[in-house]
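Structural overview for review
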Amino acid sequence: MADAVAALPSAASGGPVLDYGNMLAGVLPRGGVAPERLQPEGRLARRFRRAFDETEARRAAGEMGFFALPAARELADRARAAADSLRPWCEAVVVVGIGGSALGAAALRDALLPTGWNGLDATARRGFPRLHVLDNPDPDTVAALLDGLKLDRTLFNVVSKSGATAETAANFLVAWQRLHDAFGLEGARRRVLATTGRTGPLRELASELSLRSLPVPDDVGGRFSVLSPVGLFPAAAAGIDVDAVLEGAAAIVDRCASPELTRNPAGALATLLHAADAEAGARIHVLMPYADRLKSLAAWFQQLWAESLGKAANRAGERVETGPTPLAALGAPDQHAQLQLFMEGPRDKVVVFLGRAVPERDVPVPRPFPAKPALAYLGGSTLFGLLDDERRATAEALRRESRPNMTIMVDRIDARSVGGLIMLFQIAAAYAGALYGVDPLNQPGVELGKALAAGLMGRPGAEPPDVPAPDPRWRT
Ligand code: PA5
């Protein structure tokens, strides 16, 4: 189907390329989207054009700063310069943040640094520091990490746009005290870099203590901030080519300049996912990379999609309680865990596979037992050959059961393609917000829980909340 591949990149750009053939009527044995609906006068194409126009208007009004981050050279230069200054002394960077202030750094690290980076020695790391991401204030994790660090050679990058997030603040306070106890005020100061918004408690502290700091732009929200200093500083510190990440992202911004659905890969992705939900009840959107290195990217996507699209009210203020449920899966392990449900369970899912044409390295599968047909047939192949055949076979199996799915391919997992994937999903989230009729940039639903927790913790100004103790009658 000629139109089934949205906006094919030139061979040199390396993708991502979205193949949505397995969403279409005629390709799926039953159901699916009639291809003519995607053509310029088709209903989905027109629906997308409205979403595109709304997104462009908000972008022009300065509300969607993430589009401009690939071109924000000054910000990238500042992040890179701060990272370069660590080279002589730093063995570990610890990002202290949560949600959008943590998941992007982990996604970049896991996708783009050699597998097992933090376990490698300094030579294998080419002198770049280890990169830890501390999000959960789970005492087991925090204590174990801090106990295992060479504190004198560690930089804590505390990341919080608001500067007021309790989990981040608590983890930071624990780290700060350890630094202060070990090295005094000046020594602690030198081992902290704050990435934060223009105002807020962390910005104030950074000014008072003259901490090194990097900005989070006003018009860039947490889950859209990975291409700002929030993600760029830790990535650059660990030696990731952040310019290539930004180049890949810029290429996707260019490819998403068209209001024509089949020429805009983020538009096709968002529109087809939204249509599957709104028209066919497929409200679970699964992202399933076939690469361990992209597992953290799927976790990042899960937060982006959930927090951007799950809303009580639409933009007109009406109560709608809408939004798809994103689900991260991993090929091949989830073929043995979740695929049974995807194949035979309720028809409430769309699976988006994520594959690469070429692996970073491959391992031949030998044939030491030629007389054992159950083993011998694998010999002569490679591990990547098996993994990739499984990805294709799983997509085909779903198709044969009329289970809609799409595939996003990159040539290889590198800085450029990962930058492209990040921007593709971010733009898709913006379009999907418009398609669902909600504001993808806010997250009012997390405020109540935060306020109650602040009250329980006794934050000044926070109401001590009436949180009922568990009722013994309802226990068993
Ligand atoms: O996407 C978001 O806006 C959130 O997930 C935030 O990133 C998260 O709550 C952390 O906020 P902050 O950076 O203000 O500490």
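About the cut-offs
- Residues numbered from 1 in each chain as written.
- Predicted model: local features only at pLDDT ≥ 70, side-chain atom pairs only at ≥ 80, totals over all residues.
- Heavy atoms only, no water.
- Helix = DSSP H or I, 4+ residues; strand = E, 2+ residues; numbered from the N terminus.
- Rg over C-alpha atoms; globule rule 2.2 N^0.38 Å.
- Buried < 20%, exposed > 50% of the residue type's maximum accessible area, 1.4 Å probe, protein only.
- Contact = heavy atoms within 4.5 Å.
- Pairing = 2+ DSSP bridges.
- Axes fitted to C-alpha atoms, helices over the stretch in contact; angles between N-to-C directions.
- Patch = residues over 30% accessible without salt bridge, like charges linked within 9 Å, V, L, I, M, F, W, Y side chains within 5 Å.
- Areas by Shrake-Rupley, 256 points an atom, 1.4 Å probe, with all protein chains shown as cover.
- Salt bridge = Lys/Arg side-chain N within 4 Å of Asp/Glu carboxyl O.
- Domains from an automatic or database assignment.
- Buried area = accessible area lost by both parts, 1.4 Å probe.
- Expected span 1.5 Å × (residues − 1).
- Arc of directions from axis to C-beta.
- Phe/Tyr/Trp six-rings, centres within 6.5 Å; stacked < 30°, edge-to-face > 60°.
- Near = heavy atom within 4 Å.
- Polar contact = N/O pair within 3.5 Å; in protein donor to acceptor, adjacent residues only side chain to side chain.
- Nonpolar A, V, L, I, M, F, W, Y, C, P; charged D, E, K, R; others polar.
- Parallel < 35°, antiparallel > 145°, perpendicular 65-115°, else oblique.
- Left-handed = near helix turned anticlockwise from the far one by under 90°.

1. What to know about the overall build of the chain
The secondary structure content of the chain amounts to 15 helices and 13 strands. In terms of overall dimensions, the chain is globule-like: its C-alpha atoms have a radius of gyration of 23 Å, near the 23 Å expected for 476 residues. Oriented by its inertia axes, the alpha-carbon framework of the chain measures out at about 70 × 65 × 60 Å. Per-residue burial for the chain yields a buried fraction of 51% across its 476 residues.

2. Here we look at the side chain of S296
Relative to the helices and strands, S296 is located in helix α10 (residues 295-309). Once residues within four sequence positions are removed from consideration, S296 is found in contact with A106, A107 and D110.

3. Let's talk about the sheet that holds strand β5 (residues 154-160)
The five strands are arranged β4-β3-β5-β6-β7 in an open sheet whose pairing can be described as parallel. Both edges of this open sheet fall to β4 (130-134) and β7 (212-215), since each of them pairs with a single strand only. Strand-to-strand, the axes of this sheet are offset by a mean angle of 20°, without reference to chain direction. Strand direction decides the pairing type here: β5 and strand β6 (residues 192-196), joined by five bridges, are parallel. Following the sheet pairing, F156 is matched in β6 by V192. Against the sheet, helix α3 (residues 103-112) makes contact with β3 (92-96) and β4, and its axis sits at roughly 145° relative to β4, the strand it touches most.

4. Thoughts on unusual backbone geometry
In the segment running from G331 into A332, the intervening peptide bond is cis, with an omega of 5°. Tracing the chain through its elements places A332 in the loop between β11 (325-328) and α11 (339-344). Positive phi is not limited to glycine here, since S210 has a value of about 55°. With respect to the helices and strands, the residue S210 is situated in the loop between α6 (201-209) and β7. Residue classification places S210 among the partly exposed positions, given a relative accessible area of 48%.

5. A few points about a nonpolar patch on the surface
There is a patch of nonpolar side chains on the surface, built from L448, L452, L456 and V467 and spanning about 380 Å² of accessible area. For L452, the location among the structural elements is in helix α15 (residues 447-457). Judged by relative accessible area, L452 falls into the partly exposed class, the value being 34%.

6. Let's talk about the domain arrangement of the chain
Entries for the chain in the domain assignment read domain 1 (12-58 + 246-439) and domain 2 (65-240). Look at where the C-alpha atoms of domain 1 and domain 2 centre, and you get two points 30 Å apart. Facing 26 residues of domain 1, the contacting portion of domain 2 comprises 23 residues. For the domain 1 and domain 2 pair, buried surface summed over both sides reaches about 2100 Å², with 70% attributable to carbon and sulfur atoms. Area buried by domain 1 at its contact with domain 2 is led by L246, R293 and Q426, which between them contribute 30% of it. Linking domain 1 to domain 2 there are one salt bridge.

7. Notes on helix α1 (residues 43-60)
Taking 1.5 Å of rise per residue, 18 residues should cover 26 Å, and α1 covers 26 Å from first to last C-alpha, within 8% of that figure. Of all the residues in α1, the buried ones are L44, A45, R47, F48, A51, F52, T55 and R58. Considered in projection along α1, the buried side chains sweep an arc of 155° and stay on one side of the axis. Of the residues in α1, the exposed ones pointing more than 90 degrees away from the buried face are R43, R50 and A60. Along its buried surface, α1 packs onto α9 (265-280) and α14 (415-436). Directly after α1, the chain includes G62, whose backbone phi takes a positive value near 80°.

8. Examining the packing of aromatic side chains
A full pass over the atoms with the stated rule returns nine aromatic pairs. Their ring planes at 40° and their centres at 6.1 Å tell us that F52 and Y431 sit as a pair that is tilted. Taken together, the positions of F52 in helix α1 and Y431 in helix α14 put the pair 379 residues apart, joining distant regions of the chain. In terms of burial, F52 and Y431 fall into one category: buried. An aromatic cluster is built from F48, F52 and Y431, whose rings are joined through pairwise contacts.

9. Topic: the site of the ligand
Near the ligand, the surroundings consist of 13 residues, among which S101, S160, S162, T165 and Q303 are the closest. The side chain of S160 places a nitrogen or oxygen atom 2.6 Å from an oxygen atom of the ligand. The contact in question runs from an oxygen atom of the ligand to an N or O atom on the side chain of S162, over 2.7 Å. When the ligand sits alone it has 380 Å² of accessible area, and the protein chains cover 88% of it. Looking at the shell around the ligand residue by residue, the class counts come to one nonpolar, nine polar and three charged.

10. Focus on the packing of helix α8 (residues 242-255) against α14
Packing of α8 against α14 leaves a shortest axis separation of 6 Å and a crossing angle of 45°. Relative to α14, the element α8 is oriented oblique. The handedness of the crossing between α8 and α14 comes out as right-handed. Here A244, V245, E247, G248, A249, A251, I252 and V253 of α8 lie close against α14, whose contacting residues are A415, R416, G419, G420, M423, L424 and I427. Residues belonging to the contact of α8 with α14 are distributed by class as follows: ten nonpolar, three polar and two charged.

11. Observations concerning the pattern of salt bridges
According to the stated counting rule, one finds 29 salt bridges in the structure shown. The partner of E63 in a salt bridge is R58, and the shortest N-O contact between them spans 2.7 Å. Classification of E63 as partly exposed rests on a relative accessible area of 33%. Judged by relative accessible area, which is 7%, R58 ranks as buried. A salt bridge links R189 to E186; the nearest nitrogen and oxygen atoms lie 2.9 Å apart. On the criterion of helical spacing, the pair formed by R189 and E186 is a turn pair, its members being three residues apart in helix α5 (residues 166-190). Because the salt bridges share partners, they merge into one network encompassing R73, D77, R80 and D243.

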